[in-house]
Amino acid sequence: HVAMSGHGEAMIVFADNHQTEAAGMPYDIGSGLGRRFVDPLNARQDANTNPEPTIRVQCPLVAIDPTGTAVAVWWRSYETPEGQLASVEAATYSRGSGWSEPVVLDTGPESADPNCPTGLVMDGSGNAMAVWAGPNLSGTRFSIRPADGTWTTAETHSLQGLEPAIVVNDAG
């Protein structure tokens, strides 16, 4: 997936060919491709559990604002001592500091997985919103990231939803 700002900055995000890593590369017309971002959650280790090896990463999306700040979201499944889990995750890219640590927007056990994110937008001020279908198509889920803020707790908007999408103009 690719997004481009009005100033010629682009961000490319993808799942690697083994579908075990989310990756992103910035592109600036003046300097070309930047450094690859690899999902650090692949090696994440909770203080109270075993490592959580990634099984699969899918559906990466990216959006970028006029200043070159970008957000990426993706779906990831992984093993825990309690069984297989899936989550919708996000990271933010800022010029000069690169990618943030990923954050979990939504998660559930294998029987109640959130679905792949299907929509991601950013307005001209840097506010972002991601949408996806909830477990078993139980509703359209969303999370909002205010400019220079953190992602909100995921909420359900409607009773049913399949491949929800979102559009926003520069004014939000």
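None of these values were measured; they are calculated from a predicted model.

1. Regarding the overall build of the chain
Scanning the chain for helices and strands turns up 0 helices and 14 strands. Each helix and strand of the chain, placed in order from N terminus to C terminus, yields the pattern β-β-β-β-β-β-β-β-β-β-β-β-β-β. Once local pairs closer than 6 in sequence are excluded, the contacts in the chain between residues at least 24 apart make up 42%. In the structure as shown, the chain presents an accessible area of about 8,700 Å², 51% of it carried by carbon and sulfur atoms.

2. Details of the nonpolar core
Counting residues in each nonpolar core, the largest one holds 14 residues, and the members touching the most others are Val-71, Val-73, Leu-105, Leu-120, Ala-130, Trp-132 and Trp-151. For this core, the secondary structure elements donating two or more residues are strand 6 (54-64), strand 7 (70-80), strand 8 (83-94), strand 11 (117-122) and strand 12 (128-133). Per element, the largest residue contribution to this core is 3 residues, and it comes from strand 12. When neighbours within four sequence positions are excluded, Val-73 is seen to be in contact with Cys-59, Pro-60, Leu-61, Glu-89, Ala-90, Leu-105, Pro-117, Leu-120, Ala-130 and Trp-151. Ala-3, Val-57, Ile-64 and Trp-74 belong to the second-largest nonpolar core, a separate cluster that totals 13 residues.

3. A closer look at the pattern of salt bridges
Following the criterion strictly, the structure yields 2 salt bridges and no others. Put simply, Glu-89 and Arg-76 hold a salt bridge, and the shortest N to O gap is 3.0 Å. With Glu-89 in strand 8 and Arg-76 in strand 7, the pair connects residues that are 13 residues apart, well separated along the chain. For Glu-89, a relative accessible area of 0% corresponds to the buried category. Here Arg-141 ties to Asp-106 by a salt bridge, and the two come within 3.1 Å at their closest N and O atoms. Here Asp-106 lies in strand 10 (residues 103-109) and Arg-141 lies in strand 13 (residues 140-145), a separation of 35 residues in the sequence. A relative accessible area of 10% places Asp-106 in the buried class.

4. Some details on the pairing of strand 12
With 5 of 6 residues buried, strand 12 lies mostly within the body of the structure. Bridge analysis of strand 11 against strand 12 gives 5 bridges, and the strand direction is antiparallel. Bridge pairing links Pro-117 to Trp-132 in strand 12. Counting the residues between successive antiparallel strands, the hairpin from strand 11 to strand 12 contains 5 residues, one of them, Gly-126, with a positive phi of roughly 95°.

5. So, the sheet that holds strand 12
Taking strand neighbours across the sheet as the criterion, the 4 strands line up as 11-12-13-14 in an open arrangement whose pairing is antiparallel. Sheet topology places strand 11 and strand 14 (155-156) at the edges, where each strand pairs with a single neighbour. The sheet contact formed by strand 13 and strand 14 spans 2 bridges and is antiparallel. Residue pairing across strands places Arg-141 opposite Thr-156, the latter belonging to strand 14.

6. Notes on the environment of Ser-158
Within the secondary structure, Ser-158 is located in the segment after strand 14. Classification of Ser-158 by relative accessible area gives partly exposed; the value is 23%. Separated by 20 residues in the primary sequence, Ser-158 and Ser-138 have C-alpha atoms spaced 8.2 Å apart.

7. Here's the deal with the confidence of the model for the chain
Of all residues in the chain, 68% attain a pLDDT of 70 or more, and the chain-wide mean is 75. Across residues 38-51 the pLDDT falls below 50, and counting only partners more than four positions away or on other chains, this stretch makes 27 contacts in the model.

What counts as what
- Residues numbered from 1 in each chain as written.
- Predicted model: local features only at pLDDT ≥ 70, side-chain atom pairs only at ≥ 80, totals over all residues.
- Heavy atoms only, no water.
- Helix = DSSP H or I, 4+ residues; strand = E, 2+ residues; numbered from the N terminus.
- Contact = heavy atoms within 4.5 Å.
- Areas by Shrake-Rupley, 256 points an atom, 1.4 Å probe, with all protein chains shown as cover.
- Core = buried A, V, L, I, M, F, W, Y, C linked by side-chain atoms within 4.5 Å.
- Buried < 20%, exposed > 50% of the residue type's maximum accessible area, 1.4 Å probe, protein only.
- Salt bridge = Lys/Arg side-chain N within 4 Å of Asp/Glu carboxyl O.
- Pairing = 2+ DSSP bridges.
- pLDDT = per-residue confidence, 0-100.

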